[in-house]
Amino acid sequence: KALNGALPPVLLAGVLYLGSGTGLWFLSRVQRARGISGEAPLRRADVPWLAAIVLAGGVCGPALLMLGLATTSASASSLLLNLEGVFTLGIAWIVFRENVDARVGLGAGAILLAAGLLSWSGRTTGTGWGGLAIAGACLAWAIDNNLTRRLSASDPVQLATIKGLAAGVINVSLGVAVGGKWPGSGVIVAAAAIGSAGYGVSLVCFILALRHL
């Protein structure tokens, strides 16, 4: 949120993911040099799923989040991001036929109701549209989560690296194409560091967790 005014939204999304991909690429080099990887690499059959993951979670999700943050407070945004879990559950239940019991369903309904109340500002501009953009980001990441589950047996660092670099290049290219201006190097480094931890390391942990859930 603090960096949102320093960079245009789409360009910021791109730098965050470039930081993620670059940081994980260096990590993979260290792993390879020490011979400690041992994970199954991605296969050619995984490419369509990987492309969909990059498009939904790496391009659409971050861009919508940055647009939403421009008109929504960080506190409200953090609560609205709970929609990601609800949407992930809904897609897993409806599309992938996973079992959802009454307790989980009621919990998801409560989250959905609370997020709706938070996003409504009583008018059709300002925070209301920002809330809708953040909800759209949550839907994009929910699609990403369900697709990533299909690839969770693959090397998580390789998967997250490819996603970060591809999404970063696409978003940066789009940001520059629409006239985005580059700030000072300090802002770029800060955004890349946030992306490396918030998008990179967190995604690796998430993929590892999917193997046991």
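Everything numeric in this text was worked out from a predicted model, so none of it was measured.

> Which residues make up the side chain of T148, and what are the values?
Tracing the backbone shows T148 in helix α6 (residues 127-149). For T148, a relative accessible area of 3% corresponds to the buried category. In this view, T148 contacts I53, L159, F206, I207 and L210; residues no more than four positions away in its chain are not counted.

> Can you lay out the packing of helix α1 (residues 9-34) against helix α2 (residues 47-69) for me, pointing to particular residues and giving the numbers?
Put simply, α1 and α2 touch, their axes get as near as 8 Å, and they point 130° apart. In terms of their interaxial angle, α1 and α2 are classed as oblique. Between α1 and α2 lies a crossing whose hand is right-handed. Together, P9, V10, L12, A13, L16 and Y17 of α1 and G57, G58, P62, A63, M66 and L67 of α2 make up the contact between the two elements. Grouping the constituent residues of the contact of α1 with α2 by class yields ten nonpolar, two polar and no charged.

> Quick one: what's the story with a nonpolar patch on the surface, residue by residue and with numbers?
Where nonpolar side chains cluster on the molecular surface, the patch consists of W93, I94, V95 and F96 and spans about 420 Å² of accessible area. According to the relative accessible area criterion, F96 is partly exposed, its value standing at 32%.

> So what about the state of the cysteines? Which residues, and what values?
Each disulfide is one covalent bond, formed between the sulfur atoms of two cysteines. Summed over all chains, the structure comprises zero disulfides. Considering cysteine sulfurs only, C60 is the nearest to C138, which forms no disulfide, with 14 Å between them. Left without a disulfide partner, C205 is nearest to the cysteine sulfur of C138, which lies 20 Å away. Of the residues examined, C205 reaches a relative accessible area of 47% and is grouped as partly exposed.

About the criteria used
Residue numbering note: each chain is counted from 1, following its sequence as written. Given that this is a predicted model, residues contribute local features only at a pLDDT of at least 70 and side-chain atom pairs are listed and counted only at 80 or more, while totals for whole chains, interfaces and linings are drawn from all residues. With hydrogens and water stripped out, all remaining heavy atoms of the structure feed into the side-chain values. To qualify as a helix, a DSSP run of H or I must reach at least 4 residues; to qualify as a strand, a run of E must reach at least 2; elements of each kind are numbered from the N terminus. Per-residue accessibility, obtained with a 1.4 Å probe over protein chains only, is compared with the maximum for each type, and a residue is labelled buried under 20%, exposed over 50%, and partly exposed between these values. In this analysis, two residues are considered to be in contact whenever any of their non-hydrogen atoms come within 4.5 Å of each other. Angles shown run from 0 to 180 degrees and are taken between the N-to-C directions of axes, each axis being a line fitted to C-alpha atoms and, for helices, limited to the stretch in contact. Here the word oblique covers every angle except those under 35 degrees (roughly parallel), over 145 (roughly antiparallel) and from 65 to 115 (roughly perpendicular). The sense of a crossing depends on the near helix, which, turned anticlockwise from the far helix by less than a right angle, makes the crossing left-handed and, turned clockwise, makes it right-handed. Throughout, the ten residues Ala, Val, Leu, Ile, Met, Phe, Trp, Tyr, Cys and Pro are labelled nonpolar, Asp, Glu, Lys and Arg are labelled charged, and all others, Gly among them, are labelled polar. Patches here: salt-bridge-free residues with over 30% relative accessible area, like charges joined within 9 Å, nonpolar side chains (Val, Leu, Ile, Met, Phe, Trp, Tyr) joined within 5 Å. Every accessible area reported is derived by Shrake-Rupley at a probe size of 1.4 Å, with residue values counting cover from the shown protein chains alone. Salt bridge, as applied in this entry: a Lys or Arg side-chain nitrogen positioned within 4 Å of an Asp or Glu carboxyl oxygen. When the sulfur atoms of two cysteines come within 2.5 Å, that pair is taken as a disulfide.

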